[in-house]
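As a plain string of letters, each chain reads:
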Amino acid sequence: MSIQIPRGTQDILPGTVEKWQYIEEKAKEICKLYNYKEIRTPMFEHTELFLRGVGDTTDIVQKEMYSFEDRGGRSITLRPEGTASAVRSFVENKLYGNPQQPTKLFYIGPMFRYERPQAGRFRQFVQFGVEALGSNDPSIDAEVIALAVDLYKSLGLKNLKVVINSLGDKESRDAHRQALVNHFKPRITEFCGDCQSRLEKNPLRILDCKKDRDHELMGTAPSILEYLNDDSKQYFDKVVKFLSDLGIQYEIDANLVRGLDYYYHTAFEIMSTSEGFGSITTLCGGGRYNGLVQEIGGPETPGIGFALSIERLLSAMEAENVSFPFEDKIDCYVVALGEEAKEASVKVLYDLRKAGIVAEKDYQNKKLKAQFKAADRLQASYTVVFGDDELNKGVVSVKTMETGEQEEVSFSELVTYISEKKSGER
Ligand code: HAM
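Computed from a predicted model, the values in this text were never measured in an experiment. (Residues numbered from 1 in each chain as written. Predicted model: local features only at pLDDT ≥ 70, side-chain atom pairs only at ≥ 80, totals over all residues. Heavy atoms only, no water.)

(A) Here's a closer look at the overall build of the protein chain. Within the protein chain one finds 15 helices and 16 strands. Over its C-alpha trace the protein chain gives a radius of gyration of 28 Å, far above what one expects of a compact globule, namely 22 Å for 426 residues. Taken along its principal axes, the extent of the C-alpha atoms in the protein chain is 95 × 55 × 45 Å. In the protein chain, buried positions account for 50% of the 426 residues. Looking at the protein chain as shown, the accessible area adds up to about 21,700 Å², and 47% of this sits on carbon and sulfur atoms. (Helix = DSSP H or I, 4+ residues; strand = E, 2+ residues; numbered from the N terminus. Rg over C-alpha atoms; globule rule 2.2 N^0.38 Å. Buried < 20%, exposed > 50% of the residue type's maximum accessible area, 1.4 Å probe, protein only. Areas by Shrake-Rupley, 256 points an atom, 1.4 Å probe, with all protein chains shown as cover.)

In structure tokens, the structure reads:
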């Protein structure tokens, strides 16, 4: 039996990969505008990083990590997300010492989670994420949300919803935590085993449980917004005011808790509201993670960021029938007839390409008609044709495919001729 691709992964083939490149370019362009710099960290890290960073009561750590022992006996994990790695690198490379703060980073790369594959959920997926480390200014919370929204809009998405919540500072979270314990404790035996163990360790996670989602106590659970102290309330008010100033519509959802443990204050998601998008509608998730840098061994440094997967972004574009503004065309197809001409075509192609002309030829000894067909299939703008006779005379025939116009051009002029045609100078 032939070997198949692992479940939850996908091949991105030519024809689709161009869409990925386009999205990645857009993401980079927007990061440039907002002055976020690219960081590339390894795809695997010491498991300990995610236990501490993501939180050991989260689904990601408990059920979804690809962890293994390497040949040196170390526990290694394929990164399930990018924030912990970015923060590790920030600490390890002492980026906090740079004069320019906050440190604004972005990354694009594969992440790995052992989840049940379904539409929009993969075991390997590519996240584009940004992290801003070193500022407690609510304007940067609004900035990262704006950056994500700008990316989606620049790609033509319209059916978006920004959902935001505040998880408050430590004091607010502790008060809320106690209220949650009081709320769930009397009936905790009605909940799944995970929730039972989360009750004391991390009751907030109960709100995120997929199994007990419909339990009646979920809907009546105390809302974090009621437990925000004055500082946290003021912070949240400023973030949403900035969003309004930027014309970004949002909904406040007190039940938005996110699936990772490191969040304080702002937590947000961006959803697709397109009909037929499927059951997983979250396109992007992020929030503020004051405390994480210290947890990972660095100096007290606040942080905020988000991540989104290109897979879900692409599905959202498909759901909204957004077209991609590029064509898969080549400039020039070289048809050579006869042995000498074929040999000469090797250098012709080389010269065309050196001049920045996308050129192709036949490599399978095809007949004339089949070569013309190939030129059509590749949507060549120009077809260059010559046989041994023309070669001896030093001329080629160039056909402009759009108009059908045909011209005889001398061999030595060919590259200039096509270049000028292409740039519209001729
Ligand atoms: P997350 O909510 O776990 O947050 O993931 C962020 C985004 O990654 C999701 O909204 C979704 O677009 C994508 N994603 C997650 N899991 C999958 C999957 N199995 N298949 C396809 N796409 C997926 C984080 O990862 C945080 N690090 C975000 C963050 C950055 N917070 C602060 N800074």
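(B) Examining the packing of aromatic side chains more closely. Counted under the stated rule, the structure contains twelve aromatic pairs. Centroid distance F128 to F306: 5.9 Å. Interplanar angle 75°. Geometry classified as edge-to-face. In this pair, F128 is assigned in strand 6 (residues 124-133) and F306 in strand 11 (residues 303-309), connecting sequence segments 178 residues apart. Here F128 falls in the buried class, since its relative accessible area comes to 0%. Plain terms: the ring middles of Y262 and Y289 are 5.7 Å apart, the flat faces sit at 65° to each other, and that makes the pair edge-to-face. Here Y262, found in the loop between strand 8 (250-252) and strand 9 (264-272), pairs with Y289, found in the loop between strand 10 (282-288) and helix 10 (292-295); they are 27 residues apart in sequence, far enough to count as distant. Accessibility expressed as a relative area gives 6% for Y262, which makes it buried. For Y289, a relative accessible area of 1% gives the class buried. Feature note: the residues F106, F128, F268 and F306 constitute an aromatic cluster, connected by ring pairs. Taking NZ or CZ as reference, R173 lies 4.6 Å from the ring centre of Y264, over its face. (Phe/Tyr/Trp six-rings, centres within 6.5 Å; stacked < 30°, edge-to-face > 60°. Lys NZ or Arg CZ within 6 Å of the ring centre and 35° of its normal.)

(C) Structural detail: the packing of helix 1 (residues 17-33) against helix 5 (residues 138-154). The N-to-C vectors of helix 1 and helix 5 enclose an angle of 140°; their axes lie 10 Å apart at closest approach. Taken together, helix 1 and helix 5 sit at an angle that is classed as oblique. The element helix 1 and its partner helix 5 pack so that their crossing is right-handed. In this structure, helix 1 contributes K26, A27 and I30 to the contact, and helix 5 contributes L147, D150, L151 and S154. Residues that form the contact of helix 1 with helix 5 fall into these classes: four nonpolar, one polar and two charged. (Axes fitted to C-alpha atoms, helices over the stretch in contact; angles between N-to-C directions. Parallel < 35°, antiparallel > 145°, perpendicular 65-115°, else oblique. Left-handed = near helix turned anticlockwise from the far one by under 90°. Contact = heavy atoms within 4.5 Å. Nonpolar A, V, L, I, M, F, W, Y, C, P; charged D, E, K, R; others polar.)

(D) Summary view of the pattern of salt bridges. Summed over the entire model, instances satisfying the criterion amount to 27 salt bridges. E115 serves as the salt-bridge partner of R121, at 3.2 Å between the closest nitrogen and oxygen. A residue is classified by how much of its surface remains accessible, and E115, at 13% relative accessible area, is buried. Two residues, E251 and K161, come together in a salt bridge whose shortest N-O distance is 3.6 Å. In this pair, E251 sits in strand 8 while K161 sits in strand 7 (residues 160-166), placing the two residues 90 residues apart along the sequence. By relative accessible area, which is 39% here, E251 ends up partly exposed. One network of salt bridges, with partners in common, ties together D59, K63, D194, R198 and K210. (Salt bridge = Lys/Arg side-chain N within 4 Å of Asp/Glu carboxyl O.)

(E) Main features of the sheet that holds strand 5 (residues 103-112). Strand order in the open sheet made by the eight strands is 1-5-6-11-10-9-7-8, with mixed pairing throughout. Looking at strand neighbours, the two that pair on one side only are strand 1 (37-38) and strand 8, the edges of this open sheet. Where strand 7 meets strand 9, seven bridges bridge the pair, whose relative direction is antiparallel. In the strand pairing of strand 9, K161 is matched with M271. In the packing of helix 1 onto the sheet, the strands contacted are strand 1, strand 5 and strand 6, and the crossing angle to strand 5 comes to about 160°. (Pairing = 2+ DSSP bridges.)

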